[in-house]
Amino acid sequence: MTKELQIGVQGMTCAACVSRVERGLKKVEGVEAANVNLATERATVAYDPEKTSPAQLLEKVKEVGYTPVLAETELGVTGMTCAACVSRVERALKKVPGVLEANVNLATERASVKYLPSSVALPQLKAAIRDAGYGILEVQAGKDRADIEREAREQEIRSLGNSVKLAAVFSIPLTLIAMVPMLWMPAHMFLLSIAPIEVWNWVMLALTIPVYFIAGMRFHKTGWKALRSFSPDMNSLVTIGTSAAFWYSSVITALMSLAPNLLPEKAQHVYFEAAGVVITLILLGKYLEAIAKGRTSEAMKKLLGLQAKTARVVREGNELEIPVDEVLPGDAVSVRPGEKIPVDGLVLSGSSFVDESMITGEPIPVAKAEGAQVVGGTVNQNGVLTFRATAVGADTVLSQIIKLVETAQASKPAIQGLADRVVAVFTPIVLGIAALTAVIWLIFGGESAIGFALVNTVAVLIIACPCAMGLATPTSIMVGTGKAAEMGILFRRGEALQSLQETQVVAIDKTGTLTKGRPEMTDFVVNQGFEPDEVLRLVAAAETQSEHPVAQAIVKSAKQKGIELPEVVDFEAVPGFGLYAQVGIYQVQVGADRYMSKLGIPVEAFAPQAAKLGDEGKSPLYAAINGRLAAMIAVADPIKEGSAEAIQALHLQGLNVAMITGDNARTAQAIARQLGIDEVLAEVLPGGKADAVTQLQAKGYQVAFVGDGINDAPALAQADVGLAIGTGTDIAIETADVILMSGDLRGVPNAIALSRTTLSNIKFNLFWAFAYNVILIPVAAGVLYPLNGWMLSPVLAGAAMGLSSVFVLSNALRLRRFRPPLRAAEVRNTPPSVAVPA
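The protein appears in an unreviewed UniProt entry as Copper-transporting P-type ATPase from Meiothermus granaticius NBRC 107808. According to its UniProt record, the protein has this under Sequence similarities (unreviewed entry): "Belongs to the cation transport ATPase (P-type) (TC 3.A.3) family. Type IB subfamily."

As structure tokens, this is what we get:
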């Protein structure tokens, strides 16, 4: 039972390191030998798989202070048709020594594999998939993955279409000969007047042969291979059922011609339509399924289609058009109106508006000017831009988005576990039910026992194909995450789609999330006898000498009004109080009320306005000019547009909202009152936000935390679901489960609404897939026949099976019509220098 595993180990520098790794591995229960080679940086371990696992060995390597070498890859898998195929490919991959994890997605037709490159190579993984009876989508030189997958899907649709046409050409006359006479006696008599029943049997055999051996060969090859490996799938059920009907009918046809008296009259019926027509209907279902499956990846196609093929770079004064893969960081790239921006960068010259809707989900073009960030894949609209490339290839925002969406689509939420557990035993159970059906009808079927047994057994095998079960979850995840990407919402993991809809409390960081994150001058009230612009001119001039954010906000406000600031003659900061400056002939003093008291300048004239500011959570500052009280100023971090609307929407969704902030309690409570926030956790230190989330979880709540994704990383990781407010480019946030690209808080209720809708869609799909089989398998077995004489034809079973998969796919596609409860802000036409930070 001993197995051998090779593990690449990074970080070893000497013989002592080797000894440490060896000792650590030998301490793991079940390890019989461990040899570490410093030159090759590999550990060779012999272990008992019943006592330990590769994961435990890797954990021990980490525990002793070194890094095991892991690799991940994605392989395109062709030929999968149902959930049993998915399980079969996963089992085949996990059996390969050195494979740690294998997840296969039926909707995306991809296998994600985590493995030890020291123990297993890529060709071995591909061989395992091929040995299981499936194909590999090979990457061809000069073609990107999107083109290869599109061509493969188009080829599959063409192949299925051709098979359907071939099968239909022979199945239509087969149906007319086999089924119409059973329903309409004059047709039966007409056929018998042309030729005896034995001749018509040979005609039906001739019509069935091309359908069974040519059009149906895709089912037979994979189905028999799966049976031989004791892992039956949908193909196995189809091939057993249709083969039983075909070969039984062929034998009956031959005996009726060669030895007509050998068979009793009741056993002389043939069932060629149960083979030919069933194969045709299943092929038609698979054809429609392939078309619908292609539509589920439409959002991903749009994302992949955003990638520019070429770029116009300026090198040594010459403008060259080169493939986008050849653009280097630092290259100057020129983009004309109407062209796609090929890579990420910073604008060097020019101004324009750029359509970023497929990145952020916001429809209004964004102004760009010198110093602004541009994102590859967005569309330049009306001006010429020249920018310096800062990120190319896999480092671009668009590439990261595509990777995130692919990862989410390939992952399995917890709800998928139910379907996986059922599918693991489903096909063997169906085979058992089919065998039991045959035995019961052979015993109790009377003179027509063989016919009843054959028809009902074939119907059970055909009706029970687990295609719908395999598609129920991944198609909804695929369409849901794709729709989310269109809205500027990125789910890093498919599991987040499920966990987000279970949220009870949404905890939100204040600075940069509820508020703009940068102070602005909100109030400027002048005393009698002073002119507002003149006072602002002098105060702002004094504040130019200070680096404090409050000072910068006052200066910015003056500059936005076009006020020219005079030079400062003298300046002095008064720690804890304020500042003094000599501006021309004026003495300017700015500070809190205690500074004015120290100067002997009364501030009672502004008492009513100061009280109002206090209720709003703002702390007033005062300005004195030449010893007289001139103005009261308030600088605050203003609430973002849409924050109140977002919180109201969260309440309508039945959620409680908490605010986590380092501000003092009075300011925090004032903001909470304005926004309608339910709970406030104030005066929280930057490192204490995760503890604040833990406090909420300790009350039994499922908590989603919303932060800016940088300073809030511990809290995002601690929360049941972490939502990072992005800025359109800040997406590489490892600790967040969901990323809101637009930076608009209204994306939170939109994400929750989409999560709930997607989970409802999955549950409905699973209910349909399970209910379909629970209800129709007994009907196919013939339980209604003793009650009302009704029996399910294999032809109808084949049609129902195909329609079940198409129904599940069509239901998943409804998610494309999802409309978010809130629309993001549609005001993005501010001047370029203000709209986009450098």
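Having put the structure on the table, let's press on.
It is worth spelling out the overall build of the protein at this point. The helix and strand inventory of the protein stands at 31 helices and 30 strands. Principal-axis analysis of the C-alpha atoms places the extent of the protein at approximately 130 × 75 × 65 Å. Across the 838 residues of the protein, 53% fall into the buried class. Sequence-distant contacts, at least 24 apart, represent 69% of the contacts inside the protein between residues at least 6 apart.

So, about the sheet that holds strand β27 (residues 679-681). Strand pairing in a sheet relies on backbone hydrogen bonds. The paired strands run either parallel or antiparallel. Overall, mixed pairing links the 7 strands, which are arranged β18-β30-β29-β28-β19-β26-β27 in an open sheet. Strand pairing shows two members of the sheet lacking a second neighbour, β18 (489-491) and β27, which therefore form its edges. Looking at each pair of strands side by side, their axes are set apart by 20 degrees on average, direction ignored. Taken together, the 3 bridges between strand β29 (residues 721-725) and strand β30 (residues 738-740) define a ladder with parallel strand orientation. What sits directly across from A724, in β30, is I739.

Glancing now at the sheet that holds strand β8 (residues 135-137). Here we have 4 strands laid out as an open sheet, ordered β6-β7-β5-β8, and antiparallel in their pairing. On the outer flanks of this sheet lie β6 (99-105) and β8, each paired with one strand and no other. Sheet twist, expressed as the average angle between the axes of neighbouring strands with direction ignored, equals 35 degrees. Pairing analysis gives 6 bridges linking strand β5 (residues 71-78) to strand β7 (residues 110-115), with the strands arranged antiparallel. In the sheet register, T73 faces β7, and the bridge partner there is V113.

Now for the pattern of salt bridges. Overall, the coordinates contain 15 salt bridges when judged by the stated rule. The shortest N-O distance in the salt bridge between K60 and E63 comes to 2.9 Å. Taken as a pair, K60 and E63 lie in helix α2 (residues 54-63) at a separation of 3 residues, close to a single helical turn. By relative accessible area, which is 16% here, K60 ends up buried. The exposure class of E63 is exposed, given its relative accessible area of 57%. Salt bridges sharing common partners tie together R312, E319, R336 and E339.

With that settled, the discussion passes to the environment of R218. Inspection of the secondary structure assignment puts R218 in helix α9 (residues 217-228). On the basis of relative accessible area, R218 is assigned to the partly exposed category, the value being 25%. Separated by 55 residues in the primary sequence, R218 and S163 place their C-alpha atoms 9.7 Å from one another. Apart from the residues lying within four places of it in its own chain, the contact partners of R218 are E156, S159, L160, S163, N235 and L283. In this structure the side chain of R218 is engaged in a polar contact, spanning 2.9 Å, whose partner is the side chain of S159.

Moving on, we come to the pairing of β29. Within β29, 5 of the 5 residues are buried, which leaves the element mostly enclosed by the surrounding structure. Judged by which residues are buried, β29 turns out to be covered on both faces: V721, L723 and I725 on one side and G722 and A724 on the other are all buried. Two strands pair when backbone bridges link them, and strand β28 (residues 703-707) and β29 are joined in this way by 4 bridges, in the parallel orientation. Looking across to β29, one finds that V706 is bridged to L723.

So, about helix α17 (residues 467-486). Here α17 contains 20 residues, and its C-alpha end-to-end distance of 28 Å stays within 8% of the 28 Å for a straight helix at 1.5 Å per residue. Within α17, the axis deviates most sharply at T473, by approximately 25 degrees, and proline P474 lies no more than four positions further along. When you tally the buried positions in α17, you get 19 out of 20 residues, the bulk of the element. The first or second residue beyond α17 is G488, which carries a positive phi of 80 degrees.

With that settled, consider the environment of I660. Mapped onto the elements of the fold, I660 is located in strand β26 (residues 656-660). According to the relative accessible area criterion, I660 is buried, its value standing at 0%. Remark: the alpha-carbon pair of I660 and T67, spanning 593 residues in sequence, is separated by 37 Å. Residues within four places of I660 in sequence aside, it is in contact with A507, I508, D509, K510, L681, V684, K689, A692, V693 and F705.

Our focus in this paragraph is the UniProt feature "domain: HMA" (unreviewed entry) in the protein. Mapped onto the present numbering, the UniProt feature "domain: HMA" (unreviewed entry) falls at residues 3-69 and 71-137. Annotation note: span residues 3-69, helix share 33%, strand share 34%, distance between end C-alpha atoms 19 Å. Secondary structure across residues 71-137 comprises 33% helix and 36% strand; the distance between its end C-alpha atoms is 19 Å.

Counting residues in hydrophobic clusters, the biggest one holds 141 residues, and the most contacted among them are M80, L125, F491, L723 and V748. Per element, the largest residue contribution to this core is 14 residues, and it comes from helix α28 (residues 747-781). Residue contacts for L125: discarding those within four places in its chain leaves T73, L75, L93, V96, V99, V113, Y115 and V120. In this structure, I402, V405, V505 and V703 belong to the second largest nonpolar core, which totals 29 residues.

Quick look at helix α1 (residues 15-26) now. Over its 12 residues, α1 runs 17 Å from end to end, which matches the ideal 16 Å to within 8%, given 1.5 Å per residue. Taken as a whole, α1 has its buried residues at C17, V18, V21, E22, G24 and L25. Relative to the axis of α1, the buried residues are bounded by an arc of 165 degrees and lie together on one face. Exposed side chains of α1 directed beyond 90 degrees from the buried face belong to A15 and A16. For α1, the elements touching its buried residues are β1 (3-10), β2 (31-37), β3 (42-47) and α2.

Let us look at the environment of A665. When you line up the elements, A665 lands in helix α25 (residues 665-675). If sequence neighbours within four positions are ignored, A665 has contacts with A682 and E683.

This brings us to the packing of α17 against helix α30 (residues 794-813). The geometry of a pair of packed helices is captured by two quantities: the angle between their axes and the separation between those axes. With their axes 8 Å apart at the nearest point, α17 and α30 run at an angle of 15 degrees to one another. Relative to α30, the element α17 lies roughly parallel. The handedness of the crossing between α17 and α30 comes out as right-handed. Residues C467, A468, L471, A472, T475, S476 and V479 of α17 form the contact with α30, whose own contacting residues are M801, S804, S805, V808, L809, A812 and L813. Of the residues belonging to the contact of α17 with α30, the class tally is 10 nonpolar, 4 polar and no charged.

So, about unusual backbone geometry. With phi around 50 degrees, N626 is a residue other than glycine that occupies positive phi space. Residue placement: N626 occurs in the loop between β24 (620-625) and β25 (628-636). Look at E683: it is not a glycine, yet its phi comes out positive at around 55 degrees. For E683, the location among the structural elements is in the loop between β27 and α26 (689-698). On the basis of relative accessible area, E683 is assigned to the exposed category, the value being 53%.

Another aspect to go through is the packing of α17 against α28. Look at α17 against α28: their axes get within 9 Å of each other, and the N-to-C directions meet at 165 degrees. In terms of orientation, α17 and α28 fall into the roughly antiparallel class. The hand of the α17/α28 crossing is right-handed. Contact with α17, carried on its side by A468, M469, A472, T473, T475, S476, I477, G480 and A484, involves L754, T758, N761, I762, N765, L766, A769, F770 and N773 of α28 and no other residues of that element.

About the cut-offs
Residues numbered from 1 in each chain as written. Predicted model: local features only at pLDDT ≥ 70, side-chain atom pairs only at ≥ 80, totals over all residues. Heavy atoms only, no water. UniProt positions renumbered as here; feature names shortened; annotations may be inferred. Helix = DSSP H or I, 4+ residues; strand = E, 2+ residues; numbered from the N terminus. Buried < 20%, exposed > 50% of the residue type's maximum accessible area, 1.4 Å probe, protein only. Contact = heavy atoms within 4.5 Å. Pairing = 2+ DSSP bridges. Axes fitted to C-alpha atoms, helices over the stretch in contact; angles between N-to-C directions. Salt bridge = Lys/Arg side-chain N within 4 Å of Asp/Glu carboxyl O. Polar contact = N/O pair within 3.5 Å; in protein donor to acceptor, adjacent residues only side chain to side chain. Expected span 1.5 Å × (residues − 1). Bend = angle between axes of the 7 residues up to and from the residue. Core = buried A, V, L, I, M, F, W, Y, C linked by side-chain atoms within 4.5 Å. Arc of directions from axis to C-beta. Parallel < 35°, antiparallel > 145°, perpendicular 65-115°, else oblique. Left-handed = near helix turned anticlockwise from the far one by under 90°. Nonpolar A, V, L, I, M, F, W, Y, C, P; charged D, E, K, R; others polar.

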